[in-house]
Amino acid sequence: MSLNAEHVFFRYGRKGPWILEDRSFHFDRGERVALLAPSGSGKTTLAMLLAGYLTPQKGRILLGGAPLPGKGACPVQLICQHPEKAVNPRWRLEKILAEGGPLRGELLDALGIERAWLTRFPLELSGGELQRFCVARALAGGADYLICDEISAMLDVITQAQIWNVLLAEAEKRGMGILAVTHNRHLATRIADRIETL
Amino acid sequence: MEQKTDTLLELHDLSVSFRMYERGASQRELTVISDLHLTVRPGEIVAVAGSSGSGKSLLASAILGILPDNATVRGHLHYKGEELTAERQQALRGTEIALVPQSVAYLDPLMKTGAQADGHKKPRPTVRREQLFARFGLPKQTGRLYPFQLSGGMARRVLLSTALLTDAALIIADEPTPGMSTEQAVEALTVFRELADDGRAVLLITHDIDLAFTFADRIAVFYAGTTVETAPAADFKEGPDALRHPYSKALWRALPQNGFTPIDGFQPVAVRLPAGCLYAPRCPHKTAECEEKVPPVREIRGGEVRCYRFTGKNGGCDVS
């Protein structure tokens, strides 16, 4: 089963410039790909298209030959660049985590999530702490593909290494495919088997 | 309280705590920054690196006096040799001291970015803003767009421009580079370097320590709300042997290009801070002394460190 973008065209609005023009992209389960490209070149847009948050004006996104399912938890999970914008500010973190699926204690421990944080609101946590919740939420369901859009840019290097090591171990165990969007070439070569540019 | 006239900003024994409700009406104090020392001199870029949630952004808010009402700041804050009082903070922020906020959510969603960057300044610095946008590689029409129409990296560069358009003597940049490509981040830091060479100062809060090595003069390493080490940037370039505190060494080793090895354990939470050295629970070299008393700041080899185990013998390093 592979995740494909086939000749995708996308622009915001009816008259905006094309962000993606005739772009194809392919990756398999178990593959680890890094996407390196300058800012504003459509990396986040491609990530959102692949995860089904946006639909292309032309072209198709196919998962194992079929369009992404419209119901239930999406097998392609996206972890966003700005965690503070990816959570409901009026929900406690417990409820936010439960959206992804049942809580797994060992995953919370591996990510360094303190149990005391579960009853707090997103505003009471730092960006790095919040991002761990977003990672846990994405891993809680049965995702086959994980799209990581600059997930560690706001983390300190020790936390970055911790989170990536957890993610890579989890991906290895479940045979997930990982697409990492990043600006850091060192990080890209460290985590990916294949580096793509836009 | 000694005062140095050659420093622009001096923080001495600074602590920040929050009053929080526990259960019903009972309150408790939560200390998030404790005995922090930091000096910034004119012409200098001081990078603040360290773990997420160690209070780096709160430090920025404390200097600007924009903490919420339930926060208490203790200790000494001096700007240009004079006490930084609440009135003075209010007068200085935005003009003498400028902030580059951490989150792109700080942009007004209903205002075009060009007008936001210009601010209330009269006459409008439109020409300078356009030059700055062009320098950061933002397309010409960016000024006419709303924040939601920008990518993450573009919004960052707009935020950065808002601070650079002021004539502030001190710029506090709270993570200005995530989302930017390496070239753009280098350009942004080059602008900071030029400002510093011009006699202004930049307090750069960042996780991009490899960029900080290259552009900053000194690096202050934060852990759990205090500085564990302040070192010349050159020491970080040299590697763990030149560094003093075990946490700084661990930071260096966790970089993707130098091993990518995290250390075990987590930063202590503010409710349960250890009695002694804040790093002791994770430190492989701790002794009984470390767990009892907070180590004082000591000056060693042109840097400052809070560690009992570091004596500076044998070329400077007895803790690896």
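About the cut-offs
- Residues numbered from 1 in each chain as written.
- Chains lettered and ligands numbered in written order.
- Predicted model: local features only at pLDDT ≥ 70, side-chain atom pairs only at ≥ 80, totals over all residues.
- Heavy atoms only, no water.
- Helix = DSSP H or I, 4+ residues; strand = E, 2+ residues; numbered from the N terminus.
- Rg over C-alpha atoms; globule rule 2.2 N^0.38 Å.
- Buried < 20%, exposed > 50% of the residue type's maximum accessible area, 1.4 Å probe, protein only.
- Areas by Shrake-Rupley, 256 points an atom, 1.4 Å probe, with all protein chains shown as cover.
- Lys, Arg positive; Asp, Glu negative; His and termini not counted.
- Charge placed at Lys NZ, Arg CZ, Asp CG, Glu CD.
- Core = buried A, V, L, I, M, F, W, Y, C linked by side-chain atoms within 4.5 Å.
- 1 Å grid on protein atoms, 1.4 Å probe; cavity = no way out; pocket = protein on both sides within 12 Å on 5 of 7 lines; lining within 4 Å.
- Points joined across faces, edges and corners; volume = space filled by probe spheres on them.
- Nonpolar A, V, L, I, M, F, W, Y, C, P; charged D, E, K, R; others polar.
- Contact = heavy atoms within 4.5 Å.
- Polar contact = N/O pair within 3.5 Å; in protein donor to acceptor, adjacent residues only side chain to side chain.
- Phe/Tyr/Trp six-rings, centres within 6.5 Å; stacked < 30°, edge-to-face > 60°.
- Pairing = 2+ DSSP bridges.
- Axes fitted to C-alpha atoms, helices over the stretch in contact; angles between N-to-C directions.
- Buried area = accessible area lost by both parts, 1.4 Å probe.
- Salt bridge = Lys/Arg side-chain N within 4 Å of Asp/Glu carboxyl O.
- Expected span 1.5 Å × (residues − 1).

Caption draft 1: Structural view of the overall build of chain A. Each helix and strand counted, chain A has six helices and nine strands in total. In summary, chain A has a C-alpha radius of gyration of 16 Å against a globular reference of 16 Å for 198 residues, a match within 12%. Seen through its C-alpha atoms, chain A measures out along the principal axes to roughly 45 × 35 × 30 Å. Across the 198 residues in chain A, those meeting the buried criterion constitute 55%. Accessible surface, chain A as shown: approximately 8700 Å² in total, 52% of it carbon and sulfur. The distance from the centre of the 24 positive side-chain charges to the centre of the 21 negative ones in chain A is 6 Å.

Caption draft 2: Examining the nonpolar core more closely. Core analysis: the biggest nonpolar cluster contains 103 residues, and A:Leu146, A:Trp164, A:Leu167, B:Leu164, B:Phe192 and B:Ile219 have the highest contact counts within it. Counting residues in hydrophobic clusters, the runner-up holds 32 residues, among them B:Val16, B:Phe18, B:Leu38 and B:Ile97.

Caption draft 3: Geometry of empty space enclosed by the protein. Residue and element names in this part refer to chain B. The full count for this structure, using the stated rule, is four cavities of 30 Å³ or more. Looking at the largest cavity, its volume works out to about 70 Å³. For the largest cavity, the lining is made up of 13 residues, of which Cys277, Ala280, Cys283, Cys290 and Cys307 are closest to its centre. The residue inventory of the lining of the largest cavity, partitioned by class, reads nine nonpolar, one polar and three charged.

Caption draft 4: Examining the side chain of B:Thr227 more closely. Residue and element names in this part refer to chain B. Among the secondary structure elements, threonine 227 is positioned in strand β10 (residues 226-232). Using a relative accessible area of 6% as the deciding quantity, one classes threonine 227 as buried. Not counting residues up to four positions away in its chain, the partners in contact with threonine 227 are Leu36, His37, Ala220, Val221, Phe222 and Arg306.

Caption draft 5: Expanded view of the side chain of B:His245. Residue and element names in this part refer to chain B. Inspection of the secondary structure assignment puts histidine 245 in the loop between α8 (233-238) and α9 (246-253). Of note is the side chain of histidine 245, whose polar atom sits 3.0 Å from the backbone nitrogen of tyrosine 247. Among the polar contacts made by the side chain of histidine 245, one reaches the main-chain carbonyl oxygen of arginine 306 at a distance of 3.3 Å. When neighbours within four sequence positions are excluded, histidine 245 is seen to be in contact with Val228, Glu229, Tyr279, Val305, Arg306 and Cys307.

Caption draft 6: View of the packing of aromatic side chains. In this structure the tally under the stated criterion is 10 aromatic pairs over all chains. Judged by centre distance (4.6 Å) and plane angle (50 degrees), the ring pair of B:Tyr223 and B:Tyr247 falls under tilted. Of this pair, B:Tyr223 sits in strand β9 (residues 218-223) while B:Tyr247 sits in helix α9; the two residues are 24 residues apart in sequence, bridging distant segments of the chain. Residue classification places B:Tyr223 among the buried positions, given a relative accessible area of 0%. With a relative accessible area of 1%, B:Tyr247 lands in the buried category. Three or more aromatic residues link up through ring pairs in this structure, and these residues are A:Phe25, A:Phe27 and A:Tyr145.

Caption draft 7: The arrangement of the sheet that holds strand β9 (residues 194-197) of chain A in detail. Residues and elements named next belong to chain A. Spatially, five strands are ordered β6-β7-β8-β3-β9 in an open sheet, and the strand pairing comes out parallel. If you trace the sheet from one side to the other, it starts and ends with β6 (76-79) and β9, each paired once. Averaged over all pairs of adjacent strands, the angle between strand axes in this sheet comes to 20 degrees, irrespective of strand direction. Two elements, strand β7 (residues 145-149) and strand β8 (residues 177-182), share five bridges in a ladder whose sense is parallel.

Caption draft 8: Molecular detail of the interface of chain A and chain B. Contact residues are listed per partner, giving 35 residues for chain A and 38 residues for chain B. Together, the buried faces of chain A and chain B total about 2700 Å²; carbon and sulfur atoms form 58% of this surface. The largest share of the area that chain A buries against chain B comes from A:Val157, A:Ile158 and A:Arg190, three residues that together contribute 22% of it. In this assembly, chain A and chain B are joined by zero salt bridges. Linking chain A with chain B are five residue pairs in polar contact (both at pLDDT 80 or more).

Caption draft 9: Structural context of the pattern of salt bridges. All names here are of chain B. All told, the structure shown has 26 salt bridges over all chains when counted by the stated rule. In this structure, the salt-bridge partner of aspartate 118 is arginine 129, at a minimum N-O distance of 3.1 Å. Residue aspartate 118 is found in helix α3 (residues 113-118), and its partner arginine 129 is found in helix α4 (residues 126-135); the two are separated by 11 residues along the sequence. Note on aspartate 118: relative accessible area 0%, which makes it buried. One salt bridge connects lysine 286 with glutamate 291, and the closest N-O pair in it is separated by 4.0 Å. By relative accessible area, which is 42% here, glutamate 291 ends up partly exposed.

Caption draft 10: A look at the sheet that holds strand β6 (residues 97-100) of chain B. Residue and element names in this part refer to chain B. Strand order across the open sheet formed by eight strands is β6-β7-β8-β3-β9-β10-β12-β11, with mixed pairing between neighbours. Single-partner strands in this sheet number two, and they are β6 and β11 (298-300). Looking at each pair of strands side by side, their axes are set apart by 20 degrees on average, direction ignored. The sheet contact formed by β11 and strand β12 (residues 303-305) spans three bridges and is antiparallel.

Caption draft 11: Highlighting the environment of B:Ala212. All names here are of chain B. Within the element layout of this structure, alanine 212 appears in helix α7 (residues 209-215). In this structure alanine 212 comes out as buried when scored by relative accessible area, which is 2%. Separated by 31 residues in sequence, alanine 212 and serine 181 place their C-alpha atoms 15 Å apart. Sequence-distant contacts of alanine 212, defined by excluding residues within four places in its chain, comprise Ala47, Thr206, Ile219 and Ala233.

Caption draft 12: Layout of helix α6 (residues 182-197) of chain B. Its 16 residues give α6(B) an end-to-end C-alpha distance of 22 Å, which sits within 8% of 22 Å, the value for a rise of 1.5 Å per residue. B:Gln184, B:Ala185, B:Ala188, B:Leu189, B:Val191, B:Phe192, B:Arg193, B:Leu195 and B:Ala196 are the residues of α6(B) that are buried.

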